[in-house]
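Close look at the chain arrangement
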Amino acid sequence: MSTDAIGQALLAFYNHKDNTDIVVKSSITEDDIIPIEYLFRTYAQMPVIEQKALDLCEGKVLDVGAASGCHSKILKEKRIDVTAIDISGGAVEVMNLQGIAAKNQNFFDVTEKHDTLLFLMNGVGIAGTLNELSQFLNHAKSLLKPNGQILLDSSDIAYLFKEDDGSEWININTNYYGEVSYQMEYKNHLTEPFNWLFVDFEKLKEVAISCGLKCELVCEGEHYDYLARLSIL
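Residues numbered from 1 in each chain as written. Predicted model: local features only at pLDDT ≥ 70, side-chain atom pairs only at ≥ 80, totals over all residues. Heavy atoms only, no water.

We now examine the pattern of salt bridges. A complete count under the given rule lists nine salt bridges for this structure. Among the salt bridges present, the one from Arg41 reaches Glu50, with a minimum N-O distance of 2.9 Å. Glu50 shares its class with Arg41; the two are buried. Measuring nitrogen to oxygen at the nearest pair gives 2.9 Å for the salt bridge that ties Arg229 to Glu216. In this pair, Arg229 is assigned in strand β12 (residues 225–232) and Glu216 in strand β11 (residues 213–220), connecting sequence segments 13 residues apart. (Salt bridge = Lys/Arg side-chain N within 4 Å of Asp/Glu carboxyl O. Buried < 20%, exposed > 50% of the residue type's maximum accessible area, 1.4 Å probe, protein only. Helix = DSSP H or I, 4+ residues; strand = E, 2+ residues; numbered from the N terminus.)

Structurally, Lys60 is set in the loop between α2 (48–56) and β3 (61–64). For Lys60, a relative accessible area of 16% puts it in the buried group.

A few words now on empty space enclosed by the protein. This model, assessed by the stated rule, comprises one cavity of 30 Å³ or more. Its boundaries defined by the atoms lining it, the largest cavity holds a volume of some 70 Å³. Surrounding the largest cavity, Leu39, Arg41, Asp63, Val64, Gly65, Ala66, Ala67, Ser68, Cys70, His71, Leu120 and Met121 form its lining. Looking at the lining of the largest cavity, the elements that each hand over two or more residues are β3 and α3 (70–77). Taken together, the residues that form the lining of the largest cavity break down as seven nonpolar, three polar and two charged. (1 Å grid on protein atoms, 1.4 Å probe; cavity = no way out; pocket = protein on both sides within 12 Å on 5 of 7 lines; lining within 4 Å. Points joined across faces, edges and corners; volume = space filled by probe spheres on them. Nonpolar A, V, L, I, M, F, W, Y, C, P; charged D, E, K, R; others polar.)

The strands making up a sheet are joined through hydrogen bonds of the backbone, oriented either antiparallel or parallel. Sheet architecture is open: seven strands sit in the order β5-β4-β3-β6-β7-β12-β11, paired in mixed fashion. Whereas interior strands pair on both sides, the edge strands pair on one side only; in this sheet they are β5 (102–104) and β11. Geometrically, the sheet is characterised by an average inter-axis angle of 20° between neighbouring strands, direction not taken into account. In the sheet, strand β6 (residues 114–119) pairs with strand β7 (residues 144–155) via five bridges, with the strands oriented parallel. Pairing of Phe119 across the sheet is with Leu152, part of β7. Along the sheet face, α3 touches β3, β4 (82–86) and β6 and points at about 170° away from the line of β4. (Pairing = 2+ DSSP bridges. Axes fitted to C-alpha atoms, helices over the stretch in contact; angles between N-to-C directions. Contact = heavy atoms within 4.5 Å.)

Mapped onto the fold, Thr29 is located in the loop between β1 (22–26) and β2 (32–34). A sequence separation of 92 residues divides Thr29 from Met121, and the C-alpha atoms of the two residues are 18 Å apart.

It is worth spelling out α2 at this point. Considered for burial, the residues of α2 that qualify are Ile49, Glu50, Gln51, Ala53 and Leu54. Residues of α2 that are buried sit in contact with α3, β6, β7, β11 and β12.

Contact pair helix α1 (residues 5–16) / helix α4 (residues 89–97): the axes reach a minimum separation of 7 Å and the direction vectors enclose 30°. Looking at the two axes, α1 sits roughly parallel to α4. Taken together, the residues of α4 that come into contact with α1 (itself represented by Gly7, Leu10, Leu11, Tyr14 and Asn15) are Gly90, Ala91, Glu93, Val94 and Leu97. Taken together, the residues that form the contact of α1 with α4 break down as six nonpolar, three polar and one charged. (Parallel < 35°, antiparallel > 145°, perpendicular 65-115°, else oblique.)

Mapping Asp86 onto the fold places it in strand β4. Buried charge without a salt bridge: Asp86, with Arg41 as the nearest opposite-charge side chain at an N-O distance of 11 Å. Reaching out from Asp86, the side chain makes a polar contact with the backbone nitrogen of Ala67 at a distance of 2.8 Å. Apart from residues lying up to four places away in sequence, Asp86 is in contact with Gly65, Ala66, Ala67, Ala91, Val92, Met95, Lys103, Asn104 and Gln105. (Lys, Arg positive; Asp, Glu negative; His and termini not counted. Polar contact = N/O pair within 3.5 Å; in protein donor to acceptor, adjacent residues only side chain to side chain.)

Written out as structure tokens, the structure is:
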């Protein structure tokens, strides 16, 4: 069984217009889906947070976890120097088919410096856990050119643990309520379980400062989500 569920879904949609959904299996909620068309959205179809992040991109940009490359495609059309990376071979193939400069690479293996590091669709999630967030931020910091910036979005998912009466329940199996385990399934393709971090802004800011990074709240979305801009102090 292939573990590249997202890559195979992207290839099937791009090459054959197969719009079979990706199934998301989560440790904290019931199974959900990602409509494959959503991963090929245009600028006009993107939430304000993503639009704002793209508007702020400048210089040499690294688009991390780029999937179909919808963000890189927009930046390329604006004549911005952008490189996309993803650990999904299928995703990289789809981006290359669209003329996007893309590499099959893990973010933690990147060594080249950039002016902007872009992490959208809760891209900070690749940190995995709260305890690993400082490692993620320190590596991102090491890749910044002078006056460089990190643009990332995330969500405060505390609302998922609130009952109708206002009480809250806590997942005792995690160190922090924003730590989630996922699997992605597409037809006969299933990823290995992986950790994914959702971090509230105040916690992100606290860890960022400890890593020598300034953390600014750029804007907030409609559902507990936000865009942050980080730079070297």
